[in-house]
Amino acid sequence: MLNALTLTVSLAALALAAWCGFAAYRDQPTKDWHFAGMAVVTVLALAQLVVGVVRLAQGDEADEGTAIFVAYLLGALFALPAAGFMSLVERSRWGSATVAAGAVVLAVLEVRLHDIWWEG
């Protein structure tokens, strides 16, 4: 995996978590700009999925197994869209809090993906 891409996805997810967490603190629901931020972070997660699958197709192997690695890649891809959908259902401050939590989950998944793939 590309360490720079993993770090970029993690930092973008944490920035989104802070942004949506601040909106929840201010008693605001998710707004269009939050969804744009979720789209950017999701595209980064999609790029990471593509890079991971290409690396696997080239014959590289994850330290802890291919199945667990692909499962984490898919979980990372769908974490924010799932949180975004739930925030549409809950149009209150808790929708923003849900997106913030989903973004933190994505950042944690990124750390775990790095551990699973470790090239050290």
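Residues numbered from 1 in each chain as written. Predicted model: local features only at pLDDT ≥ 70, side-chain atom pairs only at ≥ 80, totals over all residues. Heavy atoms only, no water.

## Section: a nonpolar patch on the surface
- A surface patch of nonpolar side chains, about 450 Å² in accessible area, is lined by Leu7, Leu11, Leu14, Val104 and Val108.
- Listed by contribution, the elements that provide at least two residues to the nonpolar patch are α1 (3–25) and α4 (93–117).
- As for its placement among the helices and strands, Leu14 is situated in helix α1.
- A residue is classified by how much of its surface remains accessible, and Leu14, at 42% relative accessible area, is partly exposed. (Patch = residues over 30% accessible without salt bridge, like charges linked within 9 Å, V, L, I, M, F, W, Y side chains within 5 Å. Areas by Shrake-Rupley, 256 points an atom, 1.4 Å probe, with all protein chains shown as cover. Salt bridge = Lys/Arg side-chain N within 4 Å of Asp/Glu carboxyl O. Helix = DSSP H or I, 4+ residues; strand = E, 2+ residues; numbered from the N terminus. Buried < 20%, exposed > 50% of the residue type's maximum accessible area, 1.4 Å probe, protein only.)

## Points about the UniProt feature "transmembrane region" (unreviewed entry) in the protein chain
- According to UniProt, the positions carrying the feature "transmembrane region" (unreviewed entry) are residues 33–54 and 66–88.
- The span residues 33–54 is 100% helical and 0% strand by assignment, and the distance between its end C-alpha atoms comes to 32 Å. (UniProt positions renumbered as here; feature names shortened; annotations may be inferred.)

## Regarding helix α2 (residues 32–57)
- With 26 residues, α2 should cover 38 Å at 1.5 Å per step; its first-to-last C-alpha distance of 37 Å lies within 8% of that length.
- By the burial criterion, the buried members of α2 are His34, Gly37, Met38, Val41, Thr42, Ala45, Gln48, Leu49, Gly52, Arg55 and Leu56.
- Close packing links the buried residues of α2 with α1, α3 (66–89) and α4.
- With its phi angle positive at about 105°, Gly59 sits one or two positions after the end of α2. (Expected span 1.5 Å × (residues − 1). Contact = heavy atoms within 4.5 Å.)

## Considering the pattern of salt bridges
- The full count for this structure, using the stated rule, is three salt bridges.
- The partner of Asp60 in a salt bridge is Arg55, and the shortest N-O contact between them spans 2.6 Å.
- A salt bridge links Arg112 to Glu64; the nearest nitrogen and oxygen atoms lie 2.7 Å apart. Linking Arg112 in helix α4 with Glu64 in the loop between α2 and α3, this pair joins segments that are 48 residues apart in sequence.
- Note on Arg112: relative accessible area 26%, which makes it partly exposed.

## Topic: unusual backbone geometry
- Within the chain, Asp27 stands out as a residue other than glycine whose phi angle is a positive 65°.
- Here Asp27 lies in the loop between α1 and α2.
- Of the residues examined, Asp27 reaches a relative accessible area of 52% and is grouped as exposed.

## A few points about the nonpolar core
- Counting 27 residues, the largest nonpolar core has Leu16, Val41, Phe69, Leu80 and Leu106 as the members making the most contacts within it.
- When contributions to this core are tallied by element, the ones reaching two or more residues are α1, α2, α3 and α4.
- With nine residues, α4 is the largest single contributor of residues to this core. (Core = buried A, V, L, I, M, F, W, Y, C linked by side-chain atoms within 4.5 Å.)

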